Amino acid sequence: MKGKNWSLEHLPRLDETTRSRFQDLGITTTQDLLLKAQTQQGKEEIARYLQQKPQQISKWVIMADLARLPSVGCEYCGLLLHAGIGSIEQLKQMHPQKLHQQVLRLQIALFKRRDYCPSVSIVQNWIQDARKINQ
């Protein structure tokens, strides 16, 4: 399975100013970001230009990578990151019930609501897509 490529406007936690600065660097899609940030030096150059900490660039890179999975996309990539998933490789290794519990705990902690949590079947789809994607 080939991964999805999204316009950066769909990536969570990117304001208009930051998107514009990414465009100045020739980065307009998640694929562009993944390519330019492959190395630590690349991340540091992006961070300097954007006047952001390298850790913030790493978070956007992780979300861009996770968003490649069709069942995750830009809708759930931030949720997975904040639930402790830092890569597609890590997601591949997860047990659906365990990951669902992690996401549920996060949703309850943040929103005090269980109904915001994706179902176990959605979580299973994330893991299945992670196992099928071409790295």
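Residues numbered from 1 in each chain as written. Predicted model: local features only at pLDDT ≥ 70, side-chain atom pairs only at ≥ 80, totals over all residues. Heavy atoms only, no water.

Colleague: Explain the overall build of the protein to me, please; I cannot follow it from the model alone.
Modeller: Along its length, the protein carries eight helices and zero strands. For the protein, the succession of helices and strands along the chain, N to C, is α-α-α-α-α-α-α-α. Here the C-alpha radius of gyration of the protein, 15 Å, is about what a compact globule of 135 residues would show, namely 14 Å. Principal axes of the C-alpha set define a box for the protein whose edges measure 40 × 35 × 20 Å. Expressed as a percentage of the 135 residues in the protein, the buried residues total 43%. Long-range pairs, those at least 24 residues apart, make up 52% of the contacts in the protein between residues at least 6 apart in sequence. Split by element, the accessible area of the protein, about 7,700 Å² in all, is 46% carbon and sulfur. Across the protein, the 19 positively charged side chains and the 12 negatively charged ones have centroids separated by 8 Å. (Helix = DSSP H or I, 4+ residues; strand = E, 2+ residues; numbered from the N terminus. Rg over C-alpha atoms; globule rule 2.2 N^0.38 Å. Buried < 20%, exposed > 50% of the residue type's maximum accessible area, 1.4 Å probe, protein only. Contact = heavy atoms within 4.5 Å. Areas by Shrake-Rupley, 256 points an atom, 1.4 Å probe, with all protein chains shown as cover. Lys, Arg positive; Asp, Glu negative; His and termini not counted. Charge placed at Lys NZ, Arg CZ, Asp CG, Glu CD.)

Colleague: Would you take a moment to explain the pattern of salt bridges for this structure?
Modeller: Two side chains bearing opposite charge may form a pair once their charged atoms approach each other closely. If you walk through the whole model with that rule in mind, you get four salt bridges. Two residues, Glu-16 and Arg-19, come together in a salt bridge whose shortest N-O distance is 2.7 Å. Of this pair, Glu-16 and Arg-19 both sit in helix α1 (residues 16-24), three residues apart, roughly one helical turn. Residues Asp-115 and Arg-113 are paired through a salt bridge, measuring 2.5 Å at the closest nitrogen-oxygen approach. Residue classification places Asp-115 among the exposed positions, given a relative accessible area of 53%. (Salt bridge = Lys/Arg side-chain N within 4 Å of Asp/Glu carboxyl O.)

Colleague: Is there a simple way to explain the packing of helix α5 (residues 73-82) against helix α7 (residues 96-111) in this structure?
Modeller: For any two helices packed against each other, one specifies the inter-axial angle together with the distance between the axes. It is the contact of α5 with α7, at a shortest axis distance of 9 Å, that shows an interaxial angle of 90 degrees. In terms of orientation, α5 and α7 fall into the roughly perpendicular class. On the side of α5, the interface is formed by Leu-79, Leu-80 and His-82, while α7 contributes Leu-99, Val-103, Leu-106 and Gln-107. Here the residues of the contact of α5 with α7 sort into five nonpolar, two polar and no charged. (Axes fitted to C-alpha atoms, helices over the stretch in contact; angles between N-to-C directions. Parallel < 35°, antiparallel > 145°, perpendicular 65-115°, else oblique. Nonpolar A, V, L, I, M, F, W, Y, C, P; charged D, E, K, R; others polar.)

Colleague: Where do I start with the confidence of the model for the protein in this structure?
Modeller: Close inspection of predicted coordinates is inappropriate for parts of the model with low pLDDT. Overall, the prediction assigns the protein a mean pLDDT of 94, with 99% of residues at 70 or greater. Of all secondary-structure elements in the protein, the lowest mean pLDDT belongs to α7, at 93, while helix α2 (residues 30-36) reaches the highest, 97. (pLDDT = per-residue confidence, 0-100.)

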